[in-house]
2 protein chains.
Amino acid sequence: MTSDPVRLGVAGLGRAFMLMVPTFDADPRVKLVAAAAPRQESRDAFEREYGGTGHETIEALCADPAVEAVYIATPHQMHVDHVLAAAKAGKHILVEKPLAISMEDADRMVSAARDAGVHLIVGPSHSFDPPVDLAARLIESGEFGQLRMIQALNYTDFLYRPRRPEELRTEEGGGVLFSQAIHQIDVVRRLAGGMAENIFAMTGAWDPKRPTEGAFTALMTFQGGCFANLTYSGYAHFDSDIWMNDVGELGQVKKAGSYGGARRALMDLNPDDEARLKTTRTFGSGTTVDAAHNEHFGPVIALCDRADLKLTPDGIEVFGDTERSFIEAPFGPAPRRTVIDALVGAVRNDEPPAQTGEWGLASLEVCHAILQSAASGQPVALQRQCRTSQQEPTE
Amino acid sequence: MTSDPVRLGVAGLGRAFMLMVPTFDADPRVKLVAAAAPRQESRDAFEREYGGTGHETIEALCADPAVEAVYIATPHQMHVDHVLAAAKAGKHILVEKPLAISMEDADRMVSAARDAGVHLIVGPSHSFDPPVDLAARLIESGEFGQLRMIQALNYTDFLYRPRRPEELRTEEGGGVLFSQAIHQIDVVRRLAGGMAENIFAMTGAWDPKRPTEGAFTALMTFQGGCFANLTYSGYAHFDSDIWMNDVGELGQVKKAGSYGGARRALMDLNPDDEARLKTTRTFGSGTTVDAAHNEHFGPVIALCDRADLKLTPDGIEVFGDTERSFIEAPFGPAPRRTVIDALVGAVRNDEPPAQTGEWGLASLEVCHAILQSAASGQPVALQRQCRTSQQEPTE
């Protein structure tokens, strides 16, 4: 046991890493000591900023003795190879959601981490957001009676953000299922305790120019009788952040007059231009978000016997039988501190995180079940679900 | 053809009629000439107010030669007998939703009206709300491309409003299915053109003291590929009117500080006291609502290819590809003028209304299918659906 910062190596210096930069920069419990990235420019920027080593390959990063744990922030389809490499090198792993695209890959990753005796944490995901964490603990406490129903919805411009071509191909993990549904599934499973039983869903792929699922809606049942309603549209029309106090997904206050910006920025771009535009959002090129609130993934309401809990970027609105109140989920000192809590807990104290590899595999199963149910018109029984490993409130 | 007011007889002077009083009082196209009610006090109040005849029985009302059309606003379970009586007497009929409780009764009512050659209009229902009517016409026009998905949700205090005992027994038409789901189904069917194909649903009956369905959630598909997500909770916690500009269902501006009022008013009442409390909301006892906006049934978003249409009490927010705009649905001169439009159109001009008996039967089928799907855990195929009879914009 030591209180030294966790020495982290970063695999992939793209958009996902960019979104973690404010966390890493603000949290003294973690120190970035190395990175791997194919682009020289990104490696140089990393070395300038953090003074560590910029490696060309994941293998070199994993072999770096300065690295205790690897944060895998590469594109979805590369997660499997990179997790296997890190496990083989005996490093603890924080891997971006989704754990993998195929269930077979997810299984291999979970086995590899277990065999190597390293912790595998799937995150960040919006289920780490402090208001979700707070709501999960309130529900577990039983203070408001039994959890009965969850409604989650989110309307964003996801499909019109700059994309590499494979991000618009479902079979390669593109579209809203593997990138966005996974958040909502994580959030809802976290609140309901994890053990989903059945799901029935419909999906929409409505823009022939971006021919992947851009929307879905689903009903899920959970062990114990709770059910959940999930809806997502990434088609960039209605923006449900107006129901989240005009705070965006990353905790930033949204600017007036920015309506339609995502679609406008893409107009008349060909796929090469668009992929290039995406690189302006990577490390060394982009700017970080200035968050003033917790992150969120759209409106979520959890109905219990004696209160509805409505998540906001700043906490939980409690709509009780005769009174309403507010329970704050404090922001900061840095965004995503709960991800670092999980990393430090695992690496320094051998505490299993709430969202292990098994957890990520279970959420991935739900993504596939949504596609399967939408194709068949039938409900799909879930077989690989698990509880959150953090069953007891620990605060 | 004549422009004389339609001479209307009212069957039932309870809560449903009370909610129509502002409409009848303000709209010169209709004149109340008679009523039937079991309570002397209500009949006296009617005669004082309108100068017509207060009958003791429906049969007497239907036999009254002054009556051209009958508005049936009696409890759900009585609709069938009263519609049959009015049809037998050759009177046109406006019957409150739901048309009936059982499909068999609904079939008998539709047949009786057809055989008698009278118009049968099912309403008012929130599908008559001017913003719904406007949205349906905008969708039909094709201006925004194809309709893809509808999300409708409503969180109210329905289950804790004062109830007669049968209003808390599902098999007698109690609970949120037959009183509330029917509105949401009417709204969604109206927007999607009527022809629902399949539904998958879950219901919640969570308060043992009021042991009927108080919540449900459902996914529906429609001919043409559109799908819809419907959610309702009447458990009086979160109130979704905060997402409707703090305007209540009846178009009234909601008072601050009224949170929890429904549950507080019921505390410590026994069923007899509660049924008595309900009579304070009938004609001659209660007060009417002061509406300043159109009525609504909670947030509704219709996703089309080139815009999401979000209904508000005052019109439609159009979230387009790069711009947003607002299309007003004017309020007044009286609330529910579209119901009188339908009545006058049918009685004076022989125009079939948008919501005929067949329409009401189709929406009732969906209520039953929700219960059936929730019980079986399987999707239910709908067999009795119909289009709105008003296929062409008539403005």
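About the thresholds
- Residues numbered from 1 in each chain as written.
- Chains lettered and ligands numbered in written order.
- Predicted model: local features only at pLDDT ≥ 70, side-chain atom pairs only at ≥ 80, totals over all residues.
- Heavy atoms only, no water.
- Helix = DSSP H or I, 4+ residues; strand = E, 2+ residues; numbered from the N terminus.
- Rg over C-alpha atoms; globule rule 2.2 N^0.38 Å.
- Buried < 20%, exposed > 50% of the residue type's maximum accessible area, 1.4 Å probe, protein only.
- Domains from an automatic or database assignment.
- Contact = heavy atoms within 4.5 Å.
- Buried area = accessible area lost by both parts, 1.4 Å probe.
- Pairing = 2+ DSSP bridges.
- Axes fitted to C-alpha atoms, helices over the stretch in contact; angles between N-to-C directions.
- Phe/Tyr/Trp six-rings, centres within 6.5 Å; stacked < 30°, edge-to-face > 60°.
- Salt bridge = Lys/Arg side-chain N within 4 Å of Asp/Glu carboxyl O.
- Nonpolar A, V, L, I, M, F, W, Y, C, P; charged D, E, K, R; others polar.
- pLDDT = per-residue confidence, 0-100.
- Arc of directions from axis to C-beta.
- Least-squares fit on C-alpha atoms with pLDDT ≥ 70 in both.
- UniProt positions renumbered as here; feature names shortened; annotations may be inferred.
- Parallel < 35°, antiparallel > 145°, perpendicular 65-115°, else oblique.

Within chain A, the secondary structure is distributed over eleven helices and 15 strands. Expected size for 395 residues packed as a compact globule is a radius of gyration near 21 Å; at 20 Å, chain A falls within 12% of this value. For chain A, the spread of C-alpha atoms along the principal axes amounts to about 60 × 55 × 40 Å. Relative to its 395 residues, chain A shows a buried fraction of 63%.

Residues and elements named next belong to chain A. When the domains of chain A are assigned, the result is domain 1 (6-126 + 336-357) and domain 2 (127-334 + 364-381). Just the C-alpha atoms count here: the centres of domain 1 and domain 2 sit 23 Å apart. Between domain 1 and domain 2, the residue contacts involve 40 residues of the former and 40 residues of the latter. Summed over both sides, the interface between domain 1 and domain 2 buries roughly 3300 Å², with carbon and sulfur atoms accounting for 61% of that surface.

What follows is about the sheet that holds strand S2 (residues 30-36) of chain A. Neighbouring strands of a sheet are bound in pairs by backbone hydrogen bonds; such pairs are parallel or else antiparallel. Residues and elements named next belong to chain A. Taken together, six strands build an open sheet; the order of strands is S3-S2-S1-S4-S5-S6 and the sheet is parallel. Whereas interior strands pair on both sides, the edge strands pair on one side only; in this sheet they are strand S3 (53-55) and strand S6 (120-122). Shown here is a sheet whose adjacent strand axes are inclined to one another by a mean of 25 degrees, direction ignored. Two strands pair when backbone bridges link them, and strand S4 (residues 69-72) and strand S5 (residues 92-95) are joined in this way by four bridges, in the parallel orientation. When the sheet's bridge partners are listed, Val70 is paired in S5 with Ile93. Here helix H10 (residues 337-349) sits on the sheet and contacts strand S1 (6-11), S2, S4, S5 and S6; the angle it forms with S1, its principal contact strand, is near 115 degrees.

This paragraph deals with the sheet that holds strand S10 (residues 227-233) of chain A. Residues and elements named next belong to chain A. Taken in spatial order, the nine strands make up an open sheet running S14-S13-S12-S11-S7-S10-S9-S8-S15, and their pairing is mixed. The strands lining the two open edges of the sheet, one partner per strand, are strand S14 (324-328) and strand S15 (380-381). Looking at chain direction, strand S11 (residues 300-304) and strand S12 (residues 307-312) are connected through three bridges and run antiparallel. Among the inter-strand pairings, Ala302 is bridged to a residue of S12, identified as Leu309. Packing of helix H6 (residues 130-141) onto the sheet brings it into contact with strand S7 (147-155), S11, S12, strand S13 (315-320) and S14, and relative to S12 it is tilted by some 165 degrees.

Moving on, we get to the packing of aromatic side chains. Residues and elements named next belong to chain A. For the coordinates displayed, the defined rule picks out 24 aromatic pairs over all chains. When the centroid spacing of 5.2 Å and the interplanar angle of 65 degrees are considered together, the rings of Tyr155 and Phe238 count as edge-to-face. With a gap of 83 residues between them, Tyr155 in strand S7 and Phe238 in the loop between S10 and helix H8 (261-266) connect regions that are remote in the sequence. The exposure class assigned to Tyr155 is buried, which follows from its relative accessible area of 1%.

Residue-level contacts link 49 residues of chain B with 49 residues of chain A. When chain B packs against chain A, close to 4200 Å² is buried across both sides, 70% of that on carbon and sulfur atoms. For the pair chain B and chain A, the number of links is two salt bridges. Where B:Arg263 meets A:Asp321, a salt bridge forms, and the shortest distance between an N and an O atom there is 3.4 Å. Residue assignment for the side of chain B that touches chain A shows that the elements contributing at least two residues are strand S7 (147-155), strand S8 (196-204), strand S9 (215-222), strand S10 (227-233), helix H8 (261-266), strand S11 (300-304), strand S12 (307-312) and strand S13 (315-320) of chain B. Per-class residue counts for the side of chain B that touches chain A are 25 nonpolar, 14 polar and ten charged.

Residue and element names in this part refer to chain A. Summing up the model confidence of chain A, the mean pLDDT is 94 and the portion of residues at 70 or higher is 97%. Across residues 391-395, where pLDDT falls below 50, the model places eight contacts with residues more than four positions away in sequence or in other chains. Across the interface, the model reports ipTM at 0.95; the global pTM reads 0.95.

Looking now at helix H2 (residues 40-50) of chain A. All names here are of chain A. Every buried residue of H2 is listed here: Ser42, Arg43, Ala45, Phe46 and Tyr50. In a view along the axis of H2, the buried residues occupy a sector of 160 degrees, so they form one face of it. Elements in contact with the buried residues of H2: helix H1 (15-26), S2 and S3. With its phi angle positive at about 75 degrees, Gly51 sits one or two positions after the end of H2.

With that settled, the discussion passes to the environment of A:Ala116. All names here are of chain A. Relative to the assigned elements, Ala116 resides in helix H5 (residues 103-116). On the basis of relative accessibility, which here comes to 35%, the residue Ala116 falls in the partly exposed class. Each C-alpha atom of the pair Ala116 and Lys91 lies 8.6 Å from the other, and the pair is 25 residues apart in sequence.

Rotating chain B by 180 degrees and translating it 0.0 Å along the rotation axis places it on chain A, where the RMSD comes to 0.0 Å. Overall, the copies show the geometry of a two-fold rotation axis. Comparing interface residues between copies, 100% of those in chain B also lie at the interface in chain A; the contact surface is shared.

What follows concerns the UniProt feature "domain: Gfo/Idh/MocA-like oxidoreductase N-terminal" (unreviewed entry) in chain A. The UniProt feature table records "domain: Gfo/Idh/MocA-like oxidoreductase N-terminal" (unreviewed entry) at residues 7-123 of chain A. Secondary structure content for residues 7-123 of chain A is 45% helix and 22% strand, and the end C-alpha separation is 17 Å.

This brings us to the packing of H5(A) against helix H11 (residues 357-376) of chain A. All names here are of chain A. Between H5 and H11, the shortest axis-to-axis distance is 10 Å and the interhelical angle comes to 175 degrees. With respect to each other, H5 and H11 are oriented roughly antiparallel. Only Gly357, Glu358, Leu361, Leu364, Glu365 and His368 of H11 make contact with H5, whose side of the interface consists of Met103, Ala106, Asp107, Val110 and Arg114. Per-class residue counts for the contact of H5 with H11 are five nonpolar, two polar and four charged.

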